[in-house]
Every structure is written in C-alpha cells, then in structure tokens.
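# Inside the fold
Chain by chain, the residues:
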Amino acid sequence: MPAVHTLLLEEALQDSPQTRSLLSVFEEDAGTLTDYTNQLLQSMQRVYGAQSEMGLATEQLSRQLLEYEKQLNTLHSELATQMADRMIFPMIQFREKDLTEISTLREIFGIASDEHEAAMVKYSRLPKKKENEKVKAELVGEVAYSRRKQHQASMQYYCALNALQYRKRVAMLEPMLGYTQAQINFYKKGIDLVSKKMDSFLGSVSSMTQNIEAQLDSEAEAMRMTQRELLSMEDTVYMPDRDSAPVNRTLIQKAGYLNIRNKTGLVTTAWDRLYFFTQGGNLMCQPRGAVAGGMVLDLDNSSVMAVECEDRRYCFQITSPNGKTSMILQAESKREYEEWICTLNNISRQIYLTDNPEAVAIRLNQTAIQAVTPITSFEKRGEGSPNPDRAKPGGMQSSSGASQKTSSAPEPEDLIVPGTPIQFDIMLPASEFQDQNRAGGRRTNPFGETDDDCSPESDNSLLQQVFAVRFLGSMAVRSGQTQEVIYEAMRQVLAARAIHNIFRTTESHLMVTSSCLRLIDPQTQVTRIGFQLQEVTQFVAHQENGRLMGFVVEGRDWSEDDEEGEPSFSAFVFESNTEGEKICYTISLGKDIMEAKKDPEALVQLLKNMPLTNEGKFLLLDSETGNTANGGAPDEEESEA
C-alpha cells in the first residue's frame, strides 16, 4: 500500500514558506478532488436516473407480462434503492461533509493569518527610544492572541487536509463498490455467471477499505494527541522576544522571517516581512506564495553590522565587499538578531566550505575569545598589565637583535602581549571639551601625549587633508618598527568586536597635516586626540580590505628612576569611507614635508611637484567629509570591517 503524505503539525507555529508551499500542494489536491467529485456525482446521478427510468419501463412491461409483474418490478426497485443508498448517498455525504469542511477551514485559516500579519506589523513599529510599557504589553498580548488563534486554525486545517488524504481513497471506492454490489444482487439469479474469483476480489476490496478506515482512526487519534501537546505550551511561545534559549554563535545556516527596508521614494521607505534563509554562501529570500526562493546577496567576504534605523529595534546591515550593495534587515527578537549577525559573519568567512564547518565555527569562536580580552573604556596599565619592554631583561633590545628578529616571520605573541586590553572608543572628558573652547586653551589627550603643535590654532602647515573615518580600537604593542604589528592589531580588534557584539562606531574626521595627526569630532569640532607626526613610526592599509588602515604611535613610560622614560608603542585601527592607501599616502607626504622643511631647496622642489590650493596648501583630494566638516551632526554608524 503506498505511503500517505501528511502535513507536520509541529511546523504550524513556524508558518514558513516551505510549509506554505507544501500546504498549497494539499490545497490544490483538495480543489482537484472537489471538481472530480462533482463530475463523478453528476455521472452517478445520471446512472441513477437511468435506472429509475428503467424501473418505470419495466413496470409498464410487467403489466403486459402478468406472471412476471411482481418479480421484475421488485428486482428493479431494489436495484434503484441500492444505487441511491450505496452509490449516490456516500458521494453526497463526502462532498457535503469533508470537502465543505476543507473550504470552511481554509477561510478561517486565511482570516487568522491576516490578523497575525497585522499584529506583527504593529509590533514591529514599536518604538525603542520612547517605550511605553502599557502600549508594549497590549501589542505583545495582541501578537500572542493572534498567533495562538492562527496556530489553532492552522492545526485544525492541517488535520482536516491530512484526514482527507485517507478519506478520499475510501470515498472513491465506496460508491463504485456499492454500485457493483447492487448489480451483483440484481443479477443474483445468474449467480453462475459470477465466479468465486469475483467474490474474492470484492472481499479483498472491502478488507482494504476497512484497513484504510482503521489507519484513518489511528492517525486522527495521533493528530489529536499531538494537537493537545502543542496547545499545552506556555503563552511565552507565542510572545515575541521572550525566548529564553541561549544564543548560538556557531551557526552556519539560518532561516526565519525578517523585515527588510525598501525605498519607496526619495526620502520614504517601507518595511516588508519576508522569509530569509541561507544556502551555501548566499542569502536567499522566499516571498509568500512563491514555490522557491531567489538569491538576494552573495555573503562571501561581506560585512554584517548592527545599525540604528528609524527608531526600530534589532536592525542590522549587510554590505557587499565592494560597498556598492547593502540592505537593512530587522529581526523579531534579540536572540534572532544576534544569531543572524553571527551566522552571516560565519558564512562571510567561508566556513561552510570546510570539511567540518560546525567544528570550525566552534573552534574559531573559542579561539577568538581566548585570544583577546577587550574592554569598552580605556584603562591605564597597572601592575598586572604587560609592559613589553620591562618584561625583558635589559629593557629595549638592541638594533642588531631587532634586525635578527625581523628576518623570520614574527609570532603574534612577539608583536602583542596576550591579554592586552583593547579600547573601542575615545572618550573626551568634559574638562577637555571646555578647555578647547576657551581662547588660548591647551588640551591633553587621555593617552598622556602632549600636542603643542596640534592645537586647532596651529593648523597653518602646508598640508591639511581631512578624511572621514571610524575608530575601531587601539591597544599597546611591543614594537613600532614593523607593519606586521598593525596587521595583528587589526585582527585582534576585529575579532574582539565580533565576539563581543560591539559593532557600533562613531564617525570622526582625521586631519593630516605636515606636523601632526588630529582626530576631530565633526559636530563640536573638538579634537579628541592628536599626535605629533614624528611620533608615528608605522602606518599601513589592510592588504585585503582596503578601507582598513592603522598606525603605530611611540610614547614614553615615565618613572622616577628613569628621567628620559622608556619607549612604549600603541596601535590605532580605523575604517575609512575611502581607500586606506590614500590616508597612508597623505601621512607619508606629511612626513616628507616635515623633513623637507629642514632643507629649503628640497622644500622648494617639493612645492614645484605638487599642486597647491588658493591658500597655498597642498591639493590632494576632494573633501570627502561634506557638510559635516562645518559642524553637521554625525550619524553613529556600524563598522563594515
């Protein structure tokens, strides 16, 4: 006996496009069965009508044949009655009971689905900044009520469709079996014409019908038990953002409903709730009613970050490697929000191409946690903090030892001490803000560097170029004489941000002059931090992600015994709106100008080779900071690294 395909009641609450697609197959089968039943019933009614006419004709004939009047009239009357009872009535009952019930449950399921969609739209618009607990509680209750109603309607509808798969096999056999039995009874006098083989066949058909009905009863009882178990769940199952399960950060596949922001005009946007899933290295989307999903974005080497968007919660942005394609999505809950970001980041690293992607994802997650110990605010190194120079006997290594060290590839421990704290933001104290707004004020930065030549009033150098950047992090390093230390700092900073879900950054303006580097707040024009250009020992852009760049600054660790102080190095990592090579080129040019000032002839030759602005400054690039350079409010952005 062939297997009967049924809908899984456990998938009723998820209501995924795959379940909807399978449901459409069952609905199409029910519609086809309804049309076939109506046509078959019409044919049976014609047979019954013909038999009734046959009975009337036989009655008229029996009047002429008086000796056969009672026998023939009774025989045809019984045949017509048996056709009505065994052929017409079961088909009418199947149409009016089963098929009509399917149609009614389908309408109820559609109404419940529309109410749930409307409730989810209201909930998705719940504001984050001005949150009203009463309104939130009402919306959560409305979502839970509509979701429970949809769940109950879908399970009743699924149960009816599953039962129809069994019932239709009997409904088609029972009328034909009744018609055959009526004909056999009609021809009972010619029993010799009916062989024992026919009796055995009819007996096997009857036995099969009974077995199918028994399977239907057992399946119906099992579905009722499953329905009771699923409906006995707590109300938190139906409430959004109430999932107590821990976040799984090692997923390489993810599927679920997300809200996607679409532009409907120059300044207007609309949010659509669609079903997204990952397939290999692609992000797929399947609208409701679609048979299959389509590719939305190639996730290889893409960047995923959390964003603040239109006062909506749980929003994140996916950006292609070239930065030309991006989309903003909204998750239903905080757990879904974090799992989507982690999953897409895992896929972006192409973990799915390995032999055991789950194990690789777990190992990378654990390794990143052990490799870095980030902090969200800057802390001075205490007694327990590593000092790379004091940790070795004799302080600094000799220049010959340093050259020998660079002959082979340095290990990460040789570049940065394990466990070094990471600063993810540059906080400007209120006292510094007031000092910089006073005439003739002098600032000090939180790292202890002085910047006599980096004050806002001293920007009269030949070179002055501004770049829009986002500060990703900084940390103490062992050396400032190799670019490998910058690459390792980039790796540890990005790994720490990914592991600890620190995606938000603030845009700043990096001003490069021939004397110093300054990081400026674009809204208040306050210098957050500044460095003398001669203190910058190394600077380089990332080899693969051209928008990442970093530099190493040399400082001094002062002590009572050592008046000159021991050198210390700090690496700073930034993400720019343009290529990091342009920033590195500008820093290199600033150093060239600083050296050329010592030789007037070299300075004149340099001025001849470079174009100048009307103010006599070097003309390098068009301003990329736009109106924000004049005090416009910057938006908090997310790192695309």
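Residues numbered from 1 in each chain as written. Predicted model: local features only at pLDDT ≥ 70, side-chain atom pairs only at ≥ 80, totals over all residues. Heavy atoms only, no water.

## Section: helix 10 (residues 484-499)
Our working rule: Each helix is a run of H or I in the DSSP string that is no shorter than four residues. Each strand is a run of E no shorter than two, and both are numbered from the N terminus. Any helix carries an expected span of 1.5 Å times its number of residues minus one. Relative accessible area decides the class of each residue, using a 1.4 Å probe on protein chains only: under 20% of the type maximum gives buried, over 50% gives exposed, and in between gives partly exposed.
Its 16 residues place the ends of helix 10 23 Å apart at the C-alpha level, agreeing with the 22 Å of an ideal helix rising 1.5 Å per residue. The element helix 10 is largely enclosed, with a buried count of 13 among its 16 residues.

## Some details on the nonpolar core
Our working rule: Definition used in this section: a nonpolar core is a set of buried Ala, Val, Leu, Ile, Met, Phe, Trp, Tyr and Cys residues joined via side-chain atoms within 4.5 Å. Note on contacts: a residue pair is in contact if any heavy atoms of the two residues lie within 4.5 Å.
Grouped together as the largest cluster of nonpolar side chains are 32 residues, with contacts concentrated most on F94 and Y157. For this core, the elements supplying multiple residues, two or more each, are helix 1 (17-64), helix 2 (69-124), helix 3 (133-186) and helix 4 (196-231). The residues touching Y157, leaving out its near neighbours within four places in the chain, are L23, E27, I102, L105, R106 and F109. Core analysis: the next-biggest nonpolar cluster, separate from the first, contains 27 residues, F276, V307, Y314 and C315 among them.

## A word on the packing of aromatic side chains
Rules: Under the pairing criterion, centres of Phe, Tyr and Trp rings, with the six-membered ring standing for Trp, must be within 6.5 Å; the plane angle then separates stacked pairs below 30 degrees from edge-to-face pairs above 60, leaving the rest tilted. Two conditions define a charge sitting above a ring: the NZ of Lys or the CZ of Arg must be within 6 Å of the ring centre, and it must be within 35 degrees of the ring normal.
The full count for this structure, using the stated rule, is 11 aromatic pairs. Judged by centre distance (6.4 Å) and plane angle (50 degrees), the ring pair of F471 and F572 falls under tilted. Placement of the pair is F471 in strand 8 (residues 464-477) and F572 in strand 14 (residues 566-576), with a sequence separation of 101 residues. Each of the two residues, F471 as well as F572, counts as buried. Judged by centre distance (5.6 Å) and plane angle (25 degrees), the ring pair of F551 and F572 falls under stacked. Remark: F572 occurs in strand 14 and F551 occurs in strand 13 (residues 548-557); sequence separation between them is 21 residues. Grouping residues by exposure puts F551 and F572 together as buried. Over the aromatic face of Y257 sits the side chain of R273, whose NZ or CZ is 4.4 Å from the ring centroid.

Interpretation note: all reported values are geometric properties and have no functional meaning in isolation.
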